[in-house]
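# Coordinates in review
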Amino acid sequence: MAKILLEMKNITKTFPGVKALDNVNLQVEEGEIHALVGENGAGKSTLMKTLLHLQAPISGSIELGDGLKKNEIGYLPQQTVVQKDFPATVEEIVLSGTLAKCGWRPFYRKAEKKLAEEKMKRMEVWNLRKSCYRNLSGGQQQRTLLARALCAASKVILLDEPVTGLDPKVTAEFYQVTKDLSEEGIAVIMVSHDVQALDYATHILHMQKKNSFYGTKEEYMNSDKWKLFKNAEENRIGGDKK
């Protein structure tokens, strides 16, 4: 029987004059892939920050299971232009993912270095470990960041728009890596505007200001929310081409 790793119950978050999250529910079991979709401003970023315990909800609860600790949730943020130009080696970036395990020590032990090596090999960037991050391709950068996130995570990983700016071939490769991780038992929660992401998801949370949808992919594909998301993305892509 699959283990529940994370559960959000009736999460509500408000800012002055704005309700960012309204009674959001989410239950994540090992090996599942949850896609978070919805229009801009629907609260996806707020939800991610709440899952990472970077901000507290006004009401509701977040429960972690199977011994999971809040600092053991891996996170791959959406990249900015500044981040893409970061002047550090692949090895330095991946090693930084072990900082939570270092405690107050100002140095890495053999255990952290071994873990970083394992994750770099897992993400096929070991041969690039001495390369400067800024000189990598988009796909190589994402693999490096995923290796870093996996140094922190053993059970749950959050991905924020992970394929933005990647070409179709690299995008497909990244999704396959995500699927491989889920088959190893790691739960994936992924924010995306990409319709292709739904092909790999087991569950969908379609966020709206009101009446958000949460259910299995099969349930979502039979709902009006799917038609709404598909049409919105077709219009967005069509607008980008003009």
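As shown above, the structure is provided for reference.
Throughout what follows, the structure given in this document is the object of discussion. Given the structure is predicted, the values throughout are model-derived calculations rather than measurements.

Another aspect to go through is the sheet that holds strand β4 (residues 59–64). In space, the 3 strands of this open sheet follow the order β2-β1-β4, with antiparallel pairing throughout. A strand with exactly one partner marks an edge of an open sheet, and here the two such strands are β2 (18–29) and β4. Each adjacent strand pair in this sheet contributes to an overall mean axis angle of 15°, direction not counted. Pairing analysis gives 8 bridges linking strand β1 (residues 4–15) to β2, with the strands arranged antiparallel. Within the sheet, the bridge partner assigned to Leu-6 lies in β2 and is Val-28. Those strands touched by helix α1 (residues 44–51) are β1, β2 and β4, and its axis lies near 125° from that of β1.

A separate point is the environment of Glu-219. Counting through the fold element by element, Glu-219 comes out in helix α8 (residues 217–221). Relative accessible area serves as the criterion here: at 46%, Glu-219 is assigned to the partly exposed category. For the pair Glu-219 and His-203, spaced 16 residues apart in the sequence, the C-alpha separation amounts to 8.8 Å. A distance of 2.9 Å separates a polar atom in the side chain of Glu-219 from the backbone nitrogen of Thr-216.

On to the sheet that holds strand β6 (residues 156–160). Spatial ordering of the open sheet is given by β5-β6-β7-β3-β8-β9, a layout of 6 strands whose pairing is mixed. Looking along the sheet, the strands with just one partner apiece sit at the ends: β5 (73–76) and β9 (213–216). Here the average twist between neighbouring strands, direction ignored, is 15°. In the sheet, β6 pairs with strand β7 (residues 187–191) via 5 bridges, with the strands oriented parallel. Within the sheet, the bridge partner assigned to Leu-159 lies in β7 and is Met-190. Sitting on the sheet, helix α6 (residues 138–152) touches β5 and β6, and the angle it makes with β5 is about 165°.

On to the environment of Val-195. Residue position: Val-195 is located in the loop between β7 and β8 (203–206). Note on Val-195: relative accessible area 28%, which makes it partly exposed. Sequence separation between Val-195 and Asn-10 is 185 residues, and the spatial gap between their C-alpha atoms is 27 Å. If sequence neighbours within four positions are ignored, Val-195 has contacts with Trp-226, Phe-229 and Glu-233.

Before going further, it helps to examine the pattern of salt bridges. Within the structure shown, the criterion is met by 11 salt bridges. Measuring nitrogen to oxygen at the nearest pair gives 3.4 Å for the salt bridge that ties Lys-9 to Glu-63. Highlighted residues: Lys-9 in strand β1 and Glu-63 in strand β4, separated in sequence by 54 residues. Accessibility expressed as a relative area gives 31% for Lys-9, which makes it partly exposed. In this structure Glu-63 comes out as partly exposed when scored by relative accessible area, which is 37%. Between Glu-118 and Lys-119 there is a salt bridge; the shortest N-O distance is 3.5 Å. Exposure remark for Glu-118: the relative accessible area of 45% places this residue in the partly exposed category.

Under the definition given, this model contains 3 aromatic pairs. Aromatic pair Tyr-175 and Tyr-200: ring centres 5.1 Å apart, planes at 25°, arrangement stacked. Highlighted residues: Tyr-175 in helix α7 (residues 168–183) and Tyr-200 in the loop between β7 and β8, separated in sequence by 25 residues. Tyr-175 gets classed as buried once you look at its relative accessible area, which sits at 1%. Relative to Tyr-220, the ring of Phe-213 has its centre 5.4 Å away and its plane inclined at 50°; by these criteria the two rings are tilted. For the pair formed by Phe-213 and Tyr-220, the shared burial category is buried. Put simply, the rings of Phe-213, Tyr-220 and Trp-226 touch in pairs and so form one group of aromatic residues. Directly above the aromatic system of Trp-126 lies the positively charged group of Lys-121, at a separation of 5.1 Å from the ring centroid. Cation over ring: Arg-129 sits above Trp-126, and NZ or CZ is 3.9 Å from the ring centre.

So, how was this worked out
Residues numbered from 1 in each chain as written. Predicted model: local features only at pLDDT ≥ 70, side-chain atom pairs only at ≥ 80, totals over all residues. Heavy atoms only, no water. Pairing = 2+ DSSP bridges. Helix = DSSP H or I, 4+ residues; strand = E, 2+ residues; numbered from the N terminus. Axes fitted to C-alpha atoms, helices over the stretch in contact; angles between N-to-C directions. Contact = heavy atoms within 4.5 Å. Buried < 20%, exposed > 50% of the residue type's maximum accessible area, 1.4 Å probe, protein only. Polar contact = N/O pair within 3.5 Å; in protein donor to acceptor, adjacent residues only side chain to side chain. Salt bridge = Lys/Arg side-chain N within 4 Å of Asp/Glu carboxyl O. Phe/Tyr/Trp six-rings, centres within 6.5 Å; stacked < 30°, edge-to-face > 60°. Lys NZ or Arg CZ within 6 Å of the ring centre and 35° of its normal.

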